[in-house]
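# Reading the structure
The residues making up each chain are set out below.
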Amino acid sequence: MAATAPALSVAGVRKRFGRTSALNGVDLEVQPGQLVGLLGPNGAGKSTLTKIACGLVRPSDGAVRIAGHPAGSAAARAVTGYLAELFRFPGWASADEVLQLHQRLARSPGDDGERAELLARVGLSEARHRRVEEMSKGMQQRLGIAQALIGSPRLVLLDEPTSALDPAGRRLVRDLLVDLRGRGVAVLLNSHLLGEVEQVCDHVTIIARGTTVASGTPPDLARPGGVEIETEGGTQHFPDATREQVPDLVAQLVGAGERIYDVRVVTGTLEEAYLEAVAEPQP
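All values derive from a computational prediction rather than experimental measurement.

A few words on the overall build of the chain. Within the chain, the regular secondary structure consists of ten helices and 13 strands. Its C-alpha atoms put the chain at 75 × 50 × 35 Å along the principal axes. Within the chain, counting contacts between residues at least 6 apart in sequence, those at least 24 apart form 66% of the total. As displayed, the chain offers around 14,600 Å² of accessible surface, 49% of which is attributable to carbon and sulfur atoms.

So this is what it looks like as structure tokens:
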């Protein structure tokens, strides 16, 4: 397939489970080396979409392609890494054995060196021979991320990968995601942690009621809130002003005899944009 094909292409995807409609037409694209955050309330269809992308669930309508290949095909699976939200590894297996098993399942050409490198990247080198049942939930989650990277996939699908991690573990995962982007690996990150998505993702897609309700870069989605200038007479708010207009505004105020103490360019947050996008439409 063409090298320029998106790492993940989702076009008009719908999914029905009997009379229940989980997805009502979702469009999404992840380019090589791009970090895309997938946001939405519980029941929006995020996990269903992720499972369709990795071939575990078939869409009722629409098309999903991985690096140009149909989702679920052998060619698509060969370039996809996946960490489910609810995963479970055998308690008696060591971290190294878990990765060795997944190397065989993925038919990865990697060896002992690949396993050692992946464990180091998720901070588990010292736990290589520790049994899963002896690990904390956070350690198990980091092991899950390591198995998703077996075989150097071109697309990594992560469903709530930091839900059980402490702040240090979340930072490690954020650094890992940035490293993956630098290596040209595409990542679809399904998360409820809006601050985390805002920090690391290049693009965000928000779904609600089974459909795409907003999509764009975090700065584009977080609407500007104007400019606030603190003067001797109080704070003056210019709601439609942009950063480029700040020098002129300050010059006008100074010319009018005002003393300037502070200038703030007000920006919205991804949280505000998210809440507005997923709000139920008024009747």
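One open sheet accounts for six strands, arranged 6-7-8-3-9-10; its pairing is mixed. The open sheet has two edge strands with one neighbour each: strand 6 (80–83) and strand 10 (211–216). Strand-to-strand twist of the sheet, defined as the mean angle between neighbouring strand axes without regard to direction, takes the value 15°. In this sheet, strand 10 lies alongside strand 9 (residues 203–208) in antiparallel orientation, the contact comprising five bridges. By the bridge assignment for strand 10, Ala208 is matched with Thr211. Sheet contacts for helix 10 (residues 270–278): strand 3 (35–39), strand 9 and strand 10; angle to strand 9, the most-contacted strand, approximately 30°.

Estimated volume of the largest pocket: approximately 760 Å³. Lining the largest pocket are 23 residues, and of these Arg77, Thr80, Tyr82, Leu105 and Ala106 sit closest to its centre. Mapped by element, the contributors of at least two residues to the lining of the largest pocket are helix 2 (74–77), strand 6, helix 3 (95–106) and helix 5 (137–148). The residue makeup of the lining of the largest pocket, split by class, is 14 nonpolar, seven polar and two charged.

Take the sheet that holds strand 11 (residues 224–231) next. Judged by pairing direction, the sheet is antiparallel, and its three strands sit side by side in the order 12-11-13 without closing on themselves. If you trace the sheet from one side to the other, it starts and ends with strand 12 (234–238) and strand 13 (260–267), each paired once. Neighbour-to-neighbour, the strand axes of this sheet turn through a mean angle of 20°, independent of strand direction. Bridging between strand 11 and strand 13 involves six bridges; their strand directions are antiparallel.

So, on to the packing of helix 3 against helix 5. At a minimum axis distance of 10 Å, the contact between helix 3 and helix 5 shows a crossing angle of 30°. With respect to helix 5, the axis of helix 3 lies roughly parallel. For the element pair helix 3 and helix 5, the recorded crossing hand is right-handed. Mapping the contact onto sequence places Ala95, Val98, Leu99 and His102 in helix 3 and Leu143, Ala146 and Gln147 in helix 5. Of the residues belonging to the contact of helix 3 with helix 5, the class tally is five nonpolar, two polar and no charged.

Side-chain positions along a regular strand alternate between the two faces of the sheet. Here five bridges tie strand 11 to strand 12, and the two strands are oriented antiparallel to one another. Within the sheet, the bridge partner assigned to Glu230 lies in strand 12 and is Thr235. Hairpin connection, strand 11 to strand 12: the antiparallel pair is bridged by two residues.

On to unusual backbone geometry, then. We note that Ala67 has phi near 50°; this positive angle belongs to a residue other than glycine. Looking at the secondary structure, you find Ala67 in the loop between strand 4 (61–66) and strand 5 (69–70). Residue Glu160 is not a glycine yet carries a positive backbone phi of 50°. With respect to the helices and strands, Glu160 occurs in the loop between strand 7 (155–159) and helix 6 (167–182).

Basis of the calculations
Residues numbered from 1 in each chain as written. Predicted model: local features only at pLDDT ≥ 70, side-chain atom pairs only at ≥ 80, totals over all residues. Heavy atoms only, no water. Helix = DSSP H or I, 4+ residues; strand = E, 2+ residues; numbered from the N terminus. Contact = heavy atoms within 4.5 Å. Areas by Shrake-Rupley, 256 points an atom, 1.4 Å probe, with all protein chains shown as cover. Pairing = 2+ DSSP bridges. Axes fitted to C-alpha atoms, helices over the stretch in contact; angles between N-to-C directions. 1 Å grid on protein atoms, 1.4 Å probe; cavity = no way out; pocket = protein on both sides within 12 Å on 5 of 7 lines; lining within 4 Å. Points joined across faces, edges and corners; volume = space filled by probe spheres on them. Nonpolar A, V, L, I, M, F, W, Y, C, P; charged D, E, K, R; others polar. Parallel < 35°, antiparallel > 145°, perpendicular 65-115°, else oblique. Left-handed = near helix turned anticlockwise from the far one by under 90°.

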